[in-house]
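Topology and contacts: notes
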Amino acid sequence: PGVIRNRSDQLAKNILHDLLSLRGGAWAETEVPPGDALRIDLWFVPDEALRDVITGLTGILARMADAPACIELWSDGLDVDEFHVALHKRYAWHRILESRDKRTWRLPTLWHISAGRPENVIMQFGMEQDPACSPGVYRMQHQIFDVYIIVIPELPCVRETILLRLLGRRRV
């Protein structure tokens, strides 16, 4: 439970994939490590050549497209165990990237997009409202971790959040 598995959840992955592909490379269901059962819902790497050409992404989506990112989608609020697994996948993927590419990679940002409020994760991991974003976006207090949670039902009903709100369970 929690991990996106149904048709509407697949639609959410496709929407994000197509949007972020406007600004770089995006790969769905990236295995971590290759051949293992763990998968990152969406792996994104920005392409600097596209940053100034494609200007349609604004707000939270533009911020997501600023740096390499592991994006996890949750049809319910994620729980503490799932949060730990996502952290593990990110660190494992980072190690694989550096080994595969024989270069140093910045630790990817980890974005959780949640259709429900993950209260236990927010409390236990010291997440706080991100002052640089609209309501509904939380970050770990220690910014070195570079982990965010987007709580879809808490996003304001404005134009710049409509594509993210489409990923939720409620009416947009």
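Note that the coordinates shown come from a computational prediction; the quantities given were computed from them, not determined experimentally. (Residues numbered from 1 in each chain as written. Predicted model: local features only at pLDDT ≥ 70, side-chain atom pairs only at ≥ 80, totals over all residues. Heavy atoms only, no water.)

With respect to unusual backbone geometry
Although it is not a glycine, Glu 29 sits at a positive phi angle of roughly 55°. Residue position: Glu 29 is located in strand β1 (residues 24-32). Of the residues examined, Glu 29 reaches a relative accessible area of 31% and is grouped as partly exposed. Here Lys 102, not a glycine, exhibits a phi torsion of approximately 55°, which is positive. With respect to the element layout, Lys 102 can be found in the loop between α4 (80-101) and β4 (109-114). (Helix = DSSP H or I, 4+ residues; strand = E, 2+ residues; numbered from the N terminus. Buried < 20%, exposed > 50% of the residue type's maximum accessible area, 1.4 Å probe, protein only.)

Remarks on the sheet that holds strand β5 (residues 127-129)
The strands that make up a sheet are held in pairs by hydrogen bonds between backbone atoms, and each pair lies either parallel or antiparallel. The strand order β1-β2-β3-β4-β7-β6-β5 describes an open sheet built from 7 strands, whose pairing is mixed. The outermost strands of the open sheet, each flanked by one partner alone, are β1 and β5. On average, each strand axis in the sheet is inclined to that of its neighbour by 25°, with strand direction left out of account. Relative to strand β7 (residues 147-151), strand β6 (residues 137-140) is paired through 3 bridges, and the arrangement is antiparallel. Within the sheet, the bridge partner assigned to Arg 139 lies in β7 and is Tyr 148. (Pairing = 2+ DSSP bridges. Axes fitted to C-alpha atoms, helices over the stretch in contact; angles between N-to-C directions.)

Comments concerning the nonpolar core
In terms of nonpolar packing, the biggest core is built from 26 residues, with Leu 16, Ile 71, Trp 111, Ile 113, Ile 150 and Leu 164 touching the most fellow members. Dropping the residues within four chain positions of it, Ile 71 is found in contact with Leu 16, Leu 20, Ile 40, Asp 41, Leu 42, Met 64, Trp 111 and Ile 113. (Core = buried A, V, L, I, M, F, W, Y, C linked by side-chain atoms within 4.5 Å. Contact = heavy atoms within 4.5 Å.)

Points about the packing of aromatic side chains
This structure, assessed with the given rule, holds 4 aromatic pairs. When the ring of Phe 83 is compared with that of Phe 125, the centres are 4.3 Å apart and the planes differ by 45°; the resulting orientation is tilted. Of this pair, Phe 83 sits in helix α4 while Phe 125 is found in the loop between α5 (119-124) and β5, placing the two residues 42 residues apart along the sequence. Feature note: the residues Trp 43, Trp 93 and Trp 105 constitute an aromatic cluster, connected by ring pairs. Directly above the aromatic system of Tyr 91 lies the positively charged group of Arg 90, at a separation of 5.0 Å from the ring centroid. Lying across the ring of Trp 105, Arg 103 places its NZ or CZ 4.1 Å from the centre. (Phe/Tyr/Trp six-rings, centres within 6.5 Å; stacked < 30°, edge-to-face > 60°. Lys NZ or Arg CZ within 6 Å of the ring centre and 35° of its normal.)

What about the pattern of salt bridges?
Scanning the entire structure with this criterion turns up 13 salt bridges. Put simply, Arg 23 and Asp 66 hold a salt bridge, and the shortest N to O gap is 3.8 Å. Residue Arg 23 is located in the loop between α1 (7-20) and β1, and its partner Asp 66 is located in the loop between α3 (59-64) and β3 (69-74); the two are separated by 43 residues in the primary sequence. Note on Arg 23: relative accessible area 7%, which makes it buried. Through salt bridges with shared partners, one network takes in Lys 13, Glu 29, Glu 31, Arg 39 and Asp 41. (Salt bridge = Lys/Arg side-chain N within 4 Å of Asp/Glu carboxyl O.)

Description of α4
A rise of 1.5 Å per residue sets the reference length of α4, with its 22 residues, at 32 Å; its end C-alpha atoms lie 32 Å apart and thus fit the reference within 8%. Of the residues making up α4, those classed as buried are Val 80, Glu 82, Phe 83, Ala 86, Leu 87, Lys 89, Arg 90, Ala 92, Trp 93, His 94, Ile 96 and Leu 97. Near the N-terminus of α4, the side chain that reaches the backbone nitrogen of Asp 81, with its oxygen 3.1 Å away, is that of Asp 79. Positive backbone phi, at 55°, marks Lys 102, one or two positions downstream of α4. (Expected span 1.5 Å × (residues − 1). Polar contact = N/O pair within 3.5 Å; in protein donor to acceptor, adjacent residues only side chain to side chain.)

Digging into the side chain of Asp 41
If you trace the backbone, Asp 41 turns up in strand β2 (residues 38-46). Asp 41 sits in the buried class, given a relative accessible area of 3%. Among the polar contacts listed, one links the side chain of Asp 41 to the backbone nitrogen of Leu 73, at a separation of 2.8 Å. Among residues more than four places away in sequence, those in contact with Asp 41 are Lys 13, Trp 27, Ala 28, Glu 29, Ile 71, Glu 72 and Leu 73.

So yeah, pure geometry; function would need other evidence.
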